[in-house]
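Spelled out from the first residue to the last, the chains are:
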Amino acid sequence: MKVLLTGGAGFIGSHTAVALLEAGHEIVALDNLYNSSPEALKRVEEITGKKAPLVVGDCTDEKDLRKVFEQYGHIDAVVHFAGLKAVGESVQKPLDYYQNNLDSTFTLLRVMRMYGCHALVFSSSATVYGTNQEMPLREDFPTGCTSPYGWTKWMNEQVLTDCAHADEKLKVVLLRYFNPIGAHESGRIGEDPAGIPNNLMPFICQVASGKLDHLNVFGSDYPTPDGTGVRDYIHVCDLAEGHVAALEYAMGHAGVEIINLGTGEGYSVLDIVHTFERVNGLKLPYQITARRPGDVAICYSDVTKAERLLHWHAKRNLEAMCRDSWNWQKHNPQGYGK
Ligand code: NAD
Ligand code: UFG
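First, a word on what this report is: a plain description of the structure on this page. The shown structure was predicted, so the numbers you read here are calculated from the model rather than taken from an experiment. (Residues numbered from 1 in each chain as written. Chains lettered and ligands numbered in written order. Predicted model: local features only at pLDDT ≥ 70, side-chain atom pairs only at ≥ 80, totals over all residues. Heavy atoms only, no water.)

**Digging into the pairing of strand β8 (residues 215-218)**
At step 1: By the alternation rule, side chains of β8 split into L215 and V217, which are all buried, and N216 and F218, of which none is buried.
At step 2: As paired strands, β8 and strand β13 (residues 286-289) are joined by four bridges and run parallel to one another. Paired with L215 across the bridge in β13 is Y286. (Buried < 20%, exposed > 50% of the residue type's maximum accessible area, 1.4 Å probe, protein only. Helix = DSSP H or I, 4+ residues; strand = E, 2+ residues; numbered from the N terminus. Pairing = 2+ DSSP bridges.)

As structure tokens, this is what we get:
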């Protein structure tokens with residue numbers, strides 16, 4: 001099938017491009033390069049030996065989207081990655097987040113209908129589970145958010161659910177990602193955050209490379225085995241393969257499905273630090289500091305629905321995640337140099 005990847009030059013989009021091309025599909029990416037570089041898709045072509053065309057444009061702009069549908073012939077399905085994603089920034093600039101993350105979906109849905117494209121996979125997030133205490137998190141648990149970013153995901157899920165109920169042709173899969181880390185094993189594509197990273201693994205990589213002098217571990221008094229926060233880290237290449245399975249599922253099923261993409265395993269901050277040190281033969285200086293406001297103690301997924309509907313489960317372990325993250329950072333100390 002031919003798949004449009006909005007936000008396809010980004011971290012998850014570029015890895016999904018590789019997985020789709022390797023599974024024999026065609027892709028085209030639309031990205032405004034707000035948080036990415038065109039170099040990512042050049043490297044996707046280098047890894048796969050296949051074409052990964054990029055249209056530089058904005059998903060909130062109907063003209064830009066129509067250009068893709070006009071130029072690239074019939075598009076069978078869309079994966080909608082395009083969005084702003086920094087939780088802290090969304091608290092400072094809520095309007096930018098609501099505007100970009102919602103308007104891009106409205107415009108995309110209108111243009112898909114104009115061109116007879118009826119299958120959509122959406123990048124949602126475990127953040128919609130809010131402060132649920134019961135683990136593992138299952139798709140039918142109550143939802144609610146703690147940041148404007150989270151609410152944009154929650155609202156998008158609602159919009160897409162309502163549209164799928166109203167249009168019997170529409171096929172939607174809402175993927176709730178847990179914590180994607182790692183990089184393609186070639187070390188040619190990976191996560192390239194602007195400025196000082198907010199997320200744990202990119203921060204660790206910059207400490208390991210000497211760019212930052214130590215890691216702050218946010219809290220050691222959580223009700224977890226070692227007191228530090230527990231998350232469900234998933235290798236980005238497993239996540240990418242989950243998208244291939246979700247697209248193949250969507251093509252055959254009208255309506256809407258919500259599916260978690262995680263490993264179902266929880267690891268603490270110190271598990272990550274110690275595994276990273278062990279597999280890469282490095283020392284990571286760290287200090288325990290106060291909890292980060294808004295963080296939950298524990299978050300991991302129930303993965304049975306993904307296995308049942310998509311016949312997909314994550315295959316790569318924490319060692320591979322830590323090894324591949326460092327392999328990317330080591331070979332690309334300036335990221336894509338954007
Ligand atoms: P990313 O920032 O690397 O990729 C998003 C891409 O979208 C970027 O290339 C950016 O330039 C582009 N973009 C943003 N607004 C756009 C617009 N209006 N038009 C065109 N392009 C636009 O982020 P990522 O980590 O690859 O995340 C992809 C998606 O998955 C996002 O929607 C994000 O919210 C969601 N998600 C990410 C995580 C995570 O931890 N990385 C977790 C849960 C959900
Ligand atoms: N952490 C530190 N030090 C740091 C950064 C993080 O100790 O410098 C800790 C956090 O307190 C947390 C864990 O590492 O316990 C993971 O933090 P991340 O910032 O990497 O990830 P989050 O779980 O907070 O959030 C991520 C994405 C969100 C998404 C959420 C659920 O950033 O966009 O997963 O999918 F909503």
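Text resumes after the structure shown.
**Details of the side chain of D324**
At step 1: Position of D324 relative to the elements: it lies in helix α11 (residues 318-331).
At step 2: Separated by 3.3 Å, the side chains of D324 and R323 make a polar contact. (Polar contact = N/O pair within 3.5 Å; in protein donor to acceptor, adjacent residues only side chain to side chain.)

**A closer look at the sheet that holds strand β9 (residues 230-231)**
At step 1: Taken together, the three strands give an open sheet; going across it, the order is β12-β9-β14, and neighbouring strands pair in mixed fashion. Every interior strand has two partners, whereas the edge strands, β12 (267-268) and β14 (298-299), have only one.
At step 2: Two strands pair when backbone bridges link them, and β9 and β12 are joined in this way by two bridges, in the antiparallel orientation. Opposite V230, over in β12, you have S268 as the bridge partner.

**Details of the nonpolar core**
At step 1: In this structure, L5, V44, V173, L175, L261 and L310 are the most contacted members of the largest nonpolar core, which totals 45 residues.
At step 2: With 10 residues, helix α8 (residues 236-251) is the largest single contributor of residues to this core.
At step 3: With sequence-adjacent residues up to four places away left out, L175 is seen in contact with V121, F122, S123, S124, S125, H243, A246, I259 and L261.
At step 4: By size, the runner-up hydrophobic cluster in this structure holds 24 residues, among which are L30, I75, A82 and L120. (Core = buried A, V, L, I, M, F, W, Y, C linked by side-chain atoms within 4.5 Å. Contact = heavy atoms within 4.5 Å.)

**Section: the pattern of salt bridges**
When charged atoms on two side chains of opposite charge get close, those side chains can pair.
At step 1: With the rule as written, the count across this model stands at 17 salt bridges.
At step 2: Across the pair R323 and D324 runs a salt bridge whose closest N-O atoms are separated by 3.3 Å.
At step 3: The exposure class assigned to R323 is partly exposed, which follows from its relative accessible area of 42%.
At step 4: Via salt bridges that share partners, E62, R66 and R110 belong to a single interconnected network. (Salt bridge = Lys/Arg side-chain N within 4 Å of Asp/Glu carboxyl O.)

**Topic: helix α9 (residues 269-280)**
At step 1: Taking 1.5 Å of rise per residue, the 12 residues of α9 would be expected to cover 16 Å, and the 17 Å separating its terminal C-alpha atoms lies within 8% of that figure.
At step 2: V269, L270, I272, V273, T275, F276, E277 and N280 are the residues of α9 that are buried.
At step 3: The secondary structure elements touched by the buried residues of α9 are α7 (200-208), β8, β10 (233-235), β12, β13 and α11.
At step 4: Residue G281 follows α9 closely and has a positive phi angle near 60 degrees. (Expected span 1.5 Å × (residues − 1).)

**Remarks on the environment of K2**
At step 1: With respect to the helices and strands, the residue K2 is situated in strand β1 (residues 2-6).
At step 2: According to the relative accessible area criterion, K2 is buried, its value standing at 18%.
At step 3: K2 sits 278 residues away from N280 along the chain, and the two C-alpha atoms are 38 Å apart.
At step 4: Residue contacts for K2: discarding those within four places in its chain leaves E26, Y72, G73, H74, I75, D76 and A77.

**As for the site of ligand 2**
At step 1: Neighbouring residues of ligand 2: 21 residues in total, closest S125, N199, N216, R231 and D295.
At step 2: At 3.2 Å, a backbone N or O of F178 approaches an oxygen atom of ligand 2.
At step 3: F218 is positioned with one of its backbone polar atoms (N or O) 2.9 Å from an oxygen atom of ligand 2.
At step 4: For ligand 2, whose free accessible area comes to 690 Å², the fraction covered by protein is 89%.
At step 5: No other element matches the four residues that β8 contributes to the shell around ligand 2. (Near = heavy atom within 4 Å. Areas by Shrake-Rupley, 256 points an atom, 1.4 Å probe, with all protein chains shown as cover.)

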